[in-house]
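A closer look at the structure
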Amino acid sequence: MPPRARLTWTRTLGQLAAILGGAVVVGLLVGYPWPVVTIAALGIVAWHYARLHDVLSRLSAGARIRPPTGDGVWNELDRLLHRSQSDVRARKRRLIDMLRAYRAAAMALPDAVVVIERNSQRVQWFNPAGTSLLGLRYPRDVGAPLGERLQSMSMSRWLAAGRNAEPLLDTPSPVDANVRLSLRLIPYSDELWLLVARDVTKLMRLEHMRRDFVANVSHELRTPLTVVHGYLDLLDPADNPEWAPMLAEMQRQSQRMTQLVEDLLTLSRLEAQEGVVDDPVSMASMLATLRREAEALSQGRHLVLCEDLTVQTGLALDLRGSTKELHSAFSNLVSNAVRYTPAGGTITIRFAPEGAGAMLSVTDTGYGIPAAHLPRITERFYRVSTSRSRESGGTGLGLAIVKHVLQLHGARLSIRSEVGQGSTFACHFAADRVIPRDDPFDAPAEAESRHVPVPKP
Ligand code: ADP
């Protein structure tokens, strides 16, 4: 017990002893010691009860306890209560100040921040940007289901996917369709989610300008290149034998430029595309075409294997999507496998069931890719070895095209590679992109081939 409390107790017990002693003396003087002592004791008990009642009623009323002036146990109790009450109040004030500061920061954010209940998806709180970007109104929309308020179909469908929803990168604002928003859903507790909407209008406009610029430049380059290419084809090296090596080099470079322009145009078209056609894609024809292209490009330098495991497992499957675009993606993978595998290597094209979906993979026994390059390998013009890519006629855009085509089909590209051992590029398609083959014994036929692989120089 602290010294101050011990002193108070000693003093209170001393007062008690003094009162009872006084009562004994008075009792002896009047000749009734016990009744007087009893009355004194009852008086003390009554006083203590009165103080207890006083403290309880003040505490239950939540009244502020004033700092006591006297001493004694009751005053000591009041003093302790006053101290803890002051501590609690100070802590509460600090918390409120902190809360106000956080709220002010959230209010000042240019991004819309909406707190929603996880199960009901009802709005709990939103900042002023929630009004300007998402059209939420205070107090009307507090407690309202967010899906109903964000009328745009894509937004409510996206919200319905909940926790698994990938960030929605570009969607029109319900307030003004010219304002483009990027939305993210962040679960931050068991019951609450945070919806963050950012205005990406300027970013999208810049992206649009970049896309248009690339598309226009590529388009403008196409005609002069065709003319140059045409005239170069007309020149006969036999007329001027010393020009033959120069002519061959000019032809090779103009072909490379043509391929670059074609790839840039393909990428621009894919980027501008919102969805993809939903036609059945005959995989028997596709595999036959890929095999033929690999053999043509390899010119007998590699062993080309082609396996359709969906037939072998009795589950003959086809894909759904755009034959032209899927062919462009797969043939890029095949062309890479041939170009980055030294003579004598093996290229395996495999189509196989994968869970409820399917997978098309291209495996080679070539140079392989160091692990450090893998995260960036699908970026435009990213090359592991620029000289090797150029020598083999690469434009640096093949894998970017593959990534875009797969994205449009809701598919995913995975890459496994070991330097000196080879690489496997696999395209994984979900169940909704897979259909049973009409005729499981479909003979391999020719698929339309639009992407012409660059022949080896
Ligand atoms: P490129 O036209 O240069 O081949 P891509 O986008 O198709 O461009 O490929 C990017 C880079 O990835 C290539 O330059 C090459 O370094 C590497 N790469 C792609 N496929 C393979 C592969 N099968 N084996 C080894 N490296 C590869």
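Within an unreviewed UniProt entry, the label attached to the chain reads Phosphate regulon sensor protein PhoR, and the organism entered is Noviluteimonas lactosilytica. As recorded by UniProt, the Subcellular location (unreviewed entry) comment attached to the chain reads in full: "Cell membrane". Note on the chain: under the UniProt heading Catalytic activity (unreviewed entry), the record states "ATP + protein L-histidine = ADP + protein N-phospho-L-histidine."

**Some points on the site of the ligand**
Taken together, 21 residues lie near the ligand, and Asn336, Tyr340, Ser389, Gly396 and Leu399 sit nearest. In this structure, an oxygen atom belonging to the ligand sits 2.8 Å away from a main-chain N or O atom of Thr395. Within the backbone of Gly396, an N or O atom sits 2.7 Å from an oxygen atom of the ligand. Within the complex, the protein chains bury 97% of what would otherwise be the 530 Å² of accessible surface of the ligand. Elements supplying a minimum of two residues to the shell around the ligand: α11 (323–339), α13 (398–408) and β12 (422–429).

**What to know about the UniProt feature "transmembrane region" (unreviewed entry) in the chain**
Residues annotated by UniProt as "transmembrane region" (unreviewed entry) correspond here to residues 12–34. Helix makes up 91% of residues 12–34 and strand 0%, with an end-to-end C-alpha separation of 22 Å.

**A closer look at the sheet that holds strand β4 (residues 180–187)**
If you trace the 5 strands from one edge of the open sheet to the other, you get β2-β1-β5-β4-β3, paired in antiparallel fashion. In the strand order of this sheet, the two ends are held by β2 (123–126) and β3 (168–172), each with one partner. Between one strand and the next, the sheet's axes are offset by a mean angle of 30°, whatever the strand orientation. Across 7 bridges, β4 lies against strand β5 (residues 192–199) in antiparallel orientation. Paired with Leu181 across the strands is Asp199, a residue of β5.

Rules used in this analysis
- Residues numbered from 1 in each chain as written.
- Predicted model: local features only at pLDDT ≥ 70, side-chain atom pairs only at ≥ 80, totals over all residues.
- Heavy atoms only, no water.
- UniProt positions renumbered as here; feature names shortened; annotations may be inferred.
- Near = heavy atom within 4 Å.
- Polar contact = N/O pair within 3.5 Å; in protein donor to acceptor, adjacent residues only side chain to side chain.
- Areas by Shrake-Rupley, 256 points an atom, 1.4 Å probe, with all protein chains shown as cover.
- Helix = DSSP H or I, 4+ residues; strand = E, 2+ residues; numbered from the N terminus.
- Pairing = 2+ DSSP bridges.
- Axes fitted to C-alpha atoms, helices over the stretch in contact; angles between N-to-C directions.

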